[in-house]
Amino acid sequence: MICFNVPPCTGNEMKYIGEAVASRKICGDGQFTKRCSEWMEKRFDAHKVLLTTSGTTALDMASLLCELQPGDEVILPSFTFSSTANAFANYGARLVFVDIRPDTMNIDETKIEAAITSRTKVIVVMHYAGVACEMDTIMAIARKHGLLVIEDAAQGVMASYKGKALGTIGDFGCFSFHETKNYSMGEGGAILINSPAYVDRAEILREKGTNRTRFYRGQVDKYTWVDIGDSFLPSELNAAYLWAQLELADEINNDRLRSWQRYKDAFAELAARGRVELPVIPEGCVHNAHMFYLKCRDLSERTALIQFLKERDILAVFHYVPLHSAPAGLRFGRFAGEDRYTTAESDRLVRLPLYYGLTKEDQDRVITAVRDFYGA
Ligand SMILES: Cc1ncc(COP(=O)(O)O)c(C=O)c1O
């Protein structure tokens, strides 16, 4: 069976987890959490990075930092994971879904301005497949209308837009280190805080509403409850696993990029003949090979392809069911403008197996099976 995803493992995970256990410090914010966040701050030129228990809770923190009031509106794509929306629906905001671009499957920056109302507070973008949204335009719209920008960069770790790391361009960026992501800690994530003014409150929200982080730094002589909050910090055991990934981040990235390019080259002819469409990487975007997808002619062809691959022991998957047509989407939001591409394009998309360590032999089996399906 060729799995769709295999969680990344570089070899040093058990050693570092053992070190964390031996250090007698296995709760959050120990040496491995520090190593991981400092590494990301340096590598991505990020002002402040805080590890979280998931990409979902990183988005929750970003939402809390925006201080939304019930009825405030948040603009986001409908083609995204439920966590992108929950972070705002959880706190009473109304969701305003905007259509995507068919080339990158990212929010269509040209449709955002028409969705802005007097209640709009935040624009949330999601960098699908680690390919950047058109951030210059989006940031200009946000600044013009006085809106905050959150980047859901769950899939965008190690990718960039015009030289800037994804997650560092908006006011807040959110990473995921779920086992399906390029770098993992089982369950985990990080919030990137790009405006210094939000750092203090972020540290408090993350530590159950207390100023414990300042206490640990010796900035206050006792810690106390000062604000709302939650427990958003992961254990050292998870951070130790992540450190084994980050120290080899380039190796993982290069390995994934190699596999991605092999797929792209292998299907170039099918694409030239108009049988499938391949991912597009716009000028100025450096992607991270988070996923490789094909677009079939329509839903029925996609269903047949997934079944054909399954019969050959190859797992390929689709996503997302657009949020605006899902039960919770209907309850918490509305679609602004026309759904020209969101539903139609998501119906056609199929993701092929891609993970760190995918062997050439297994990848060849996938390539051959897809070609066989198309009679190529
Ligand atoms: C776009 C997007 N946003 C948010 C998340 C949530 O991340 P996590 O699974 O770490 O909570 C994911 C990943 O599953 C995702 O793909």
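Look up: the structure comes first, before these words.
Nothing here was measured: the structure is a model prediction, and the numbers come from that model. As a convention, each chain's residues are numbered from 1 in the sequence order in which they are written. For this predicted model, a pLDDT threshold of at least 70 governs which residues receive local features, and a threshold of 80 or more governs which side-chain atom pairs are given and counted, while totals over whole chains, interfaces and linings are taken from all residues. To get the side-chain values, take all heavy atoms of the structure and skip hydrogens and water.

Engineer: Please set out the environment of glycine 156 residue by residue, giving values where relevant.
Structural biologist: Per the convention used, a helix needs a DSSP run of H or I reaching at least four residues, while a strand needs a run of E reaching at least two, with both numbered from the N terminus. Tracing the backbone through its elements, the reader meets glycine 156 in the loop between β5 (148–152) and β6 (160–161). On the basis of relative accessibility, which here comes to 0%, the residue glycine 156 falls in the buried class. With 134 residues separating them in the primary sequence, glycine 156 and histidine 290 have C-alpha atoms 7.4 Å apart. Contacts were defined at the residue level, with two residues in contact if any of their heavy atoms lie within 4.5 Å. Each residue touching glycine 156, except ones within four places of it in the same chain, is listed here: Gly130, Leu166 and Asn288. Burial classification: accessible surface area is computed with a 1.4 Å probe over protein chains only, and a residue below 20% of its type maximum counts as buried, one above 50% as exposed, and the rest as partly exposed.

Engineer: So what's going on with the layout of surface pockets? Which residues, and what values?
Structural biologist: Cavity and pocket criteria rest on a 1 Å grid covering protein atoms alone: a 1.4 Å probe that fits but cannot get out defines a cavity, protein on both sides within 12 Å along at least 5 of 7 lines defines an open pocket, and an atom within 4 Å of a point defines a lining residue. Grid points are joined across faces, edges and corners, and a volume is the space filled by probe spheres set on the points. Of the voids in this model, the largest pocket is the one considered here, and its volume is about 460 Å³. If you go around the largest pocket, you meet 27 residues; those closest to its centre are Phe81, His178, Thr180, Lys181 and Tyr320. At the level of secondary structure, the elements contributing two or more residues to the lining of the largest pocket comprise α3 (55–65), α4 (82–89) and β8 (172–176). Here the element with the most residues in the lining of the largest pocket is α3; it accounts for three residues. Each residue gets one label: Ala, Val, Leu, Ile, Met, Phe, Trp, Tyr, Cys and Pro are nonpolar, Asp, Glu, Lys and Arg are charged, and the others, such as Gly, are polar. Residues belonging to the lining of the largest pocket are distributed by class as follows: ten nonpolar, 13 polar and four charged. Boundaries between domains were set according to an automatic or database domain assignment. Of the domains in this structure, domain 1 (13–246) and domain 2 (249–373) are the two that each give at least three residues to the lining of the largest pocket. Size it by volume and the second largest pocket reaches roughly 330 Å³. In this structure, the second largest pocket is lined by 16 residues; those nearest its centre are Asp29, Lys34, Ser37, Lys48 and Arg217. Mapped onto the lining of the second largest pocket, the elements with two or more residues apiece are α2 (31–44), β1 (48–52), α6 (199–206) and α7 (212–216).

Engineer: Please set out unusual backbone geometry residue by residue, giving values where relevant.
Structural biologist: Of the consecutive residues histidine 319 and tyrosine 320, the connecting peptide bond is found in the cis state with omega at -15°. Positive phi is not limited to glycine here, since methionine 158 has a value of about 80°. Residue placement: methionine 158 occurs in the loop between β5 and β6. What makes methionine 158 buried here is its relative accessible area of 11%. Even without being glycine, lysine 162 reaches a positive phi, approximately 45°.

Engineer: Quick rundown of α4? Include the residues and the values.
Structural biologist: Counting buried positions along α4 gives six out of eight residues, so the element sits mostly inside the fold. Those residues of α4 that sit buried are Ser83, Thr84, Ala85, Ala87, Phe88 and Ala89. Residues of α4 that are buried in the fold lie against α3, β2 (73–77), β3 (94–98), β4 (120–126), β5 and α12 (327–332).

Engineer: Tell me about the packing of helix α1 (residues 13–22) against α2, residues and numbers included.
Structural biologist: What counts as an axis is a line fitted to C-alpha atoms, over the stretch in contact for a helix, and the angles between N-to-C directions run from 0 to 180 degrees. Contact pair α1 / α2: the axes reach a minimum separation of 10 Å and the direction vectors enclose 130°. In terms of orientation, α1 and α2 fall into the oblique class. Contacts between α1 and α2 involve Tyr16, Glu19 and Ala20 from the first element and Gln31, Phe32 and Arg35 from the second. Along the lines of polarity and charge, the residues of the contact of α1 with α2 split into three nonpolar, one polar and two charged. Oblique is the label for any angle not under 35 degrees, not over 145, and not in the 65 to 115 range, which are roughly parallel, roughly antiparallel and roughly perpendicular in turn.

Engineer: Provide a residue-level description of the packing of aromatic side chains, including the pertinent values.
Structural biologist: Any two aromatic rings considered together are summarised by their centre-to-centre distance and by the angle between their planes. Any Phe, Tyr or Trp ring, taking Trp's six-membered ring, that has another such ring centre within 6.5 Å forms a pair; planes under 30 degrees apart are called stacked, those over 60 apart edge-to-face, and the others tilted. Scanning the model with the defined rule gives 18 aromatic pairs in all. Measuring from centroid to centroid gives 6.3 Å for tyrosine 128 and tyrosine 320, while their planes differ by 65°, and the two rings are edge-to-face. With tyrosine 128 in the loop between β4 and α5 (135–145) and tyrosine 320 in the loop between α11 (299–311) and α12, this residue pair connects regions lying 192 residues apart in the sequence. There is no split in this pair, since tyrosine 128 and tyrosine 320 are both buried. For the pair tryptophan 260 and phenylalanine 292, a centre-to-centre distance of 5.6 Å together with 70° between the ring planes defines the contact as edge-to-face. Residue tryptophan 260 is located in helix α9 (residues 249–266), and its partner phenylalanine 292 is located in strand β11 (residues 292–295); the two are separated by 32 residues in the primary sequence. With respect to class, tryptophan 260 is no different from phenylalanine 292; both count as buried. Here the aromatic cluster, defined as three or more aromatic residues joined through ring pairs, consists of Phe79, Phe81, Tyr128, Tyr293 and Tyr320. Geometrically, a lysine NZ or arginine CZ counts as sitting over a ring once it is within 6 Å of the ring centre and also within 35 degrees of the ring normal. Taking NZ or CZ as reference, arginine 312 lies 3.5 Å from the ring centre of phenylalanine 308, over its face.

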